[in-house]
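Results of the structural survey
Below, each chain spelled out in residue letters.
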Amino acid sequence: MSNQQPRWTQTWLGGVRSAGIDLGYPGERLGLPADGRGSVTGWGRRFGAILVDWLLCTWAIAGGVFGAHGPDGGWVGLAVFAVENVLLVGTIGMTLGMRLFGLRVATLDGGRPPFVAVLVRTFLLCLAVPALIWDRDRRGLHDRASNTVVVRL
């Protein structure tokens with residue numbers, strides 16, 4: 001039975017890994033470690049960090065500080081979210097949510113991303129769809145366009 005090839009639906013639905021192809025660990029092609037400090041972070045931490053940032057920007061700052069509610073609250077919250085990302089990722093390499101979850105944005109050589117890359121990354125992150133399309137190194141289109149990767153602290 002080990003000589004039997006998987007059905008085409010199994011490889012299509014399960015991906016190439018279910019067909020027995022080893023793609024390595026996320027970040028291996030980028031020269032990053034498999035785990036620990038400097039490794040590519042998982043989906044759970046990234047989701048937790050962006051949830052904290054989004055709640056902070058929309059409820060606490062846009063709603064609490066600026067008093068924006070209703071239809072305008074979403075746009076004000078998105079603007080605050082964009083400003084937070086540009087300022088914090090551009091200066092210290094992480095947002096408040098990222099710091100809470102032990103993450104940072106780095107260039108492919110491990111440094112802090114340049115300001116133009118942070119602007120591109122933030123713009124695409126605010127569009128949401130590019131951030132939902134990932135490659136095998138867990139980099140969204142916003143990370144690929146800015147030559148960045150989110151790694152563990």
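None of the values given here were measured: they were computed from a predicted structure.

All right, on to the overall build of the chain then. Tallying secondary structure elements over the chain gives seven helices and two strands in all. Each helix and strand of the chain, placed in order from N terminus to C terminus, yields the pattern α-α-α-α-β-α-α-α-β. Across the 153 residues in the chain, those meeting the buried criterion constitute 38%. Carbon and sulfur atoms form 65% of the exposed surface of the chain, whose accessible area is close to 9200 Å².

Attention shifts here to the packing of aromatic side chains. Taken as a whole and assessed by the stated rule, the structure comprises two aromatic pairs. With a centroid separation of 5.5 Å and 75 degrees between ring planes, the pair formed by Trp54 and Phe81 is classed as edge-to-face. Residue Trp54 is found in helix α2 (residues 43-65), and its partner Phe81 is found in helix α3 (residues 71-91); the two are separated by 27 residues along the sequence. Trp54 gets classed as partly exposed once you look at its relative accessible area, which sits at 34%. For Phe81, a relative accessible area of 4% gives the class buried.

Assignment of secondary structure puts Leu78 in helix α3. C-alpha of Leu78 to C-alpha of Thr58: the two residues are 20 residues apart in sequence and 7.2 Å apart in space. If we ignore the near neighbours within four places in the chain, the residues touching Leu78 are Trp54 and Cys126.

The terminal C-alpha atoms of α3, which comprises 21 residues, lie 31 Å apart, in line with the 30 Å expected from a rise of 1.5 Å per residue. Among the residues of α3, those classed as buried are Gly73, Gly77, Val80, Phe81, Ala82, Glu84, Asn85, Val86, Val89 and Gly90. If you follow the buried residues of α3, they end up packed against α2, α4 (96-101), β1 (103-107) and α5 (115-127). Directly beyond the C-terminal end of α3, a positive phi value near 85 degrees is found at Gly93.

With that settled, consider the pairing of strand β2 (residues 148-152). For β2, the tally of buried residues reaches four of five residues, placing the bulk of the element in the interior. Note: β1 against β2, five bridges, orientation antiparallel. By the bridge assignment, Arg104 is partnered in β2 with Val151.

The next thing to look at is the environment of Gly74. Turning to its location among the elements, Gly74 is positioned in helix α3. Assessed through its relative accessible area of 37%, Gly74 is described here as partly exposed. Considering only alpha carbons, one finds Gly74 and Cys57, 17 residues apart in sequence, at a separation of 9.8 Å.

Here His142 lies in helix α7 (residues 141-145). By relative accessible area, His142 is classed as buried at 2%. Contacts of His142, omitting those with residues within four sequence positions, involve Arg46, Arg121, Leu124, Leu125, Pro130 and Ala131.

Our focus in this paragraph is the packing of α2 against α3. Where α2 meets α3, the closest approach of the two axes is 8 Å, and the angle between their N-to-C directions is 125 degrees. As summarised for this structure, α2 and α3 are arranged oblique, according to the angle between their axes. For the pair α2 and α3, the sense of crossing is right-handed. Residues Ile50, Asp53, Trp54, Leu56, Cys57, Thr58, Ile61 and Ala62 of α2 pack against Gly73, Gly74, Val76, Gly77, Leu78, Val80, Phe81 and Glu84 of α3. For the contact of α2 with α3, the per-class residue count stands at 10 nonpolar, four polar and two charged.

Definitions and limits used
- The residue numbering used here restarts from 1 in each chain and proceeds along that chain's sequence as written.
- Where totals are concerned, whole chains, interfaces and linings use all residues; where local detail is concerned, this predicted model gives features only for residues with pLDDT of at least 70, and gives and counts side-chain atom pairs only at 80 or more.
- Only hydrogens and water are removed before side-chain values are computed, so all heavy atoms of the structure are retained for them.
- The secondary structure listing takes helices from DSSP runs of H or I that are at least 4 residues long and strands from runs of E that are at least 2 residues long, numbered from the N terminus.
- Three labels apply to residues, based on accessible area from a 1.4 Å probe with only protein chains included: buried if under 20% of the type maximum, exposed if over 50%, partly exposed otherwise in between.
- Accessibility throughout is a Shrake-Rupley quantity obtained with a 1.4 Å probe, and a residue counts as covered only by protein chains that appear here.
- Working definition: a ring pair exists when centres of Phe, Tyr or Trp rings (six-membered ring for Trp) sit within 6.5 Å. Plane angles under 30 degrees give stacked, over 60 give edge-to-face, the rest tilted.
- Any two residues whose heavy atoms approach within 4.5 Å are treated as being in contact.
- To estimate how far a helix should extend, the number of its residues minus one is multiplied by 1.5 Å.
- We call two strands paired when DSSP finds no fewer than two bridges between them.
- Lines fitted to the C-alpha atoms define the axes, with helices restricted to the stretch that makes contact. Angles between their N-to-C directions range from 0 to 180 degrees.
- Throughout, the term roughly parallel applies to angles under 35 degrees, roughly antiparallel to angles over 145, roughly perpendicular to angles from 65 to 115, and oblique to all others.
- Each crossing gets its hand from how the near helix is turned against the far one by less than a right angle, where anticlockwise is left-handed and clockwise is right-handed.
- Classes in brief: Ala, Val, Leu, Ile, Met, Phe, Trp, Tyr, Cys and Pro nonpolar; Asp, Glu, Lys and Arg charged; the others, Gly included, polar.

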